[in-house]
Amino acid sequence: MKAEAKRRNQSVSKLMGMGQRTGDFEGLETKRKQAAQLIERLAKANEGLQAEIAKYKKTSGKLQKRYELERDQRVKLEKERGERLQFINTLGHELKTPLTSIVASGGLLLEELKKGEAQSPRLRLLENIISATGKLQSRLNELLDMAKMETVGFILTFELIDIRPLLRNVVSEFNPVAKEKGQSLTLDLPPSVPMVNGDGEHLDQVLLNLISNAMKFSGEGTKIRVKLRQKGPDLVVSIKDNGPGITEEEQMRIFTPYYRLEADRQRFPGLGLGLTVSKHLVEQHGGKIWVESELGKGSTFLFSLPVAEQEAARAADL
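One numbering rule holds for all chains: residues counted from 1, following each sequence as written. Where local features are concerned, this predicted model is filtered to residues with pLDDT of at least 70; where side-chain atom pairs are given and counted, the filter is 80 or more; whole-chain, interface and lining totals use all residues. Side-chain numbers here rest on the full set of heavy atoms in the structure, without hydrogens or water.

Draft legend 1. Region of the structure containing helix α3 (residues 163–180). With 18 residues, α3 should cover 26 Å at 1.5 Å per step; its first-to-last C-alpha distance of 27 Å lies within 8% of that length. The largest bend in α3 amounts to roughly 35 degrees and is located at Phe174, with the proline Pro176 lying one to four residues further along. Each residue gets one of three labels from its accessible area relative to the maximum for its type: buried under 20%, exposed over 50%, partly exposed in between, using a 1.4 Å probe on protein chains only. A run of DSSP states H or I qualifies as a helix once it reaches four residues; a run of E qualifies as a strand once it reaches two. Both are numbered from the N-terminal end. Along α3, the residues that are buried comprise Ile163, Arg164, Leu166, Leu167, Val170, Val171, Phe174 and Ala178. After α3 finishes, the residue Gly182 shows a positive phi value of roughly 70 degrees. In this analysis, the expected span of each helix is defined as 1.5 Å times one less than the number of residues it contains. Fitting axes to the seven residues ending at a residue and to the seven starting there, one defines the bend at that residue as the angle between these axes.

This is how it looks when you write it as structure tokens:
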């Protein structure tokens, strides 16, 4: 009996061992299938990734070719632009010398004719010649300024200056012209202002451009006011006119080269470079230039110049 029971127990144990091995096999098979599915998904993902990489390489190649083409075109355009500016500069200087001689000789001849032929037709013809030559000289100077600005830039000589005498001199120069046009040109200066680091000759050019524009676009009997004030670390010069005003759209473009207001193209001569040159010069001084205007209410052109560091430090110590 005991032997029979032992055999039965051994048989049961053997059967249980076989069941456990079968369960292990089934678990391994499940894991194998899961691994195969994972490998398949990874393979598909890799195929998609390779396709994206190929697409990227193709697009990148096209972009690289386009970049190289645009770079070559830009280099070519810059070269052509430089050559044009150099041509303008060379031609301008070639024309400037004889033109200056014509203006000077014409002025001397005009003085001689005025002595004995006050109402002579020849006198009027000579005045027309001198006037036309002066306009041509102005256009030539604008072109030379533009060429200089676009190539080497203006060469400025900075020194500590009081800007008030510059303003007085320019306004004094324009007063006779203003009176002829029936305009009132006034200057408002504070009793004292800090010095600025500036180039007096080129700041004078900025003032000439802005005041002449104000007078040109203002009618007879109008007022032009030039004012200087200190605002924080800057001196601000403003030139207010009673002209027709400027639209917001035109205000955004008025300082770009060769741009002129549509309504002024036929009425006033010029190349549209004066404000561009003025902007460049003011910015070379570390300042800003802008316009405030409204249609029918005139315009105010303003530019700022930073107070000299020595002056600012002294004011901080007080």
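Draft legend 2. Region of the structure containing the confidence of the model for the protein chain. As a per-residue measure, pLDDT tells how confident the predictor is, with possible values from 0 to 100. Chain-level statistics for the protein chain give a pLDDT mean of 79 and a share of 74% at 70 or above. Across the protein chain, the secondary-structure element scoring lowest on mean pLDDT is helix α7 (residues 309–317), at 54, and the one scoring highest is strand β5 (residues 234–240), at 96.

Draft legend 3. Quick peek at the environment of Asn169. Mapped onto the secondary structure, Asn169 falls in helix α3. Under the relative-accessibility criterion, Asn169 is labelled partly exposed at 45%. Once the C-alpha coordinates of Asn169 and Asp204 are considered, the two residues, 35 residues apart in sequence, prove to be 8.9 Å apart.

Draft legend 4. Quick look at the sheet that holds β5. Spatially, β2-β4-β5-β7-β6 is the arrangement adopted by the five strands of the open sheet, whose pairing is mixed. A strand with exactly one partner marks an edge of an open sheet, and here the two such strands are β2 (184–188) and β6 (289–293). For this sheet, the mean angle separating the axes of adjacent strands, direction not counted, is 15 degrees. The pairing of β5 with strand β7 (residues 299–306) spans seven bridges and is classified as antiparallel. Paired with Val237 across the two strands is Phe303, which belongs to β7. Packed on one face of the sheet, helix α4 (residues 200–217) meets β2, β4 (223–231), β5, β6 and β7 and runs near 170 degrees to β7. At least two DSSP bridges between two strands are required for those strands to pair. Simply put, an axis is a line fit to the C-alpha atoms, just over the touching stretch for a helix, and the angle between two N-to-C directions goes from 0 to 180 degrees. Whether two residues are in contact is decided by their heavy atoms: any pair within 4.5 Å suffices.

Draft legend 5. Just the pattern of salt bridges, in detail. Any Lys or Arg side-chain nitrogen located within 4 Å of an Asp or Glu carboxyl oxygen qualifies as a salt bridge. Inspection of the entire model under this criterion finds six salt bridges. A salt bridge links Glu283 to Lys279, with the nearest nitrogen and oxygen atoms 2.7 Å apart. Of this pair, Glu283 and Lys279 both sit in helix α6 (residues 274–284), four residues apart, roughly one helical turn.

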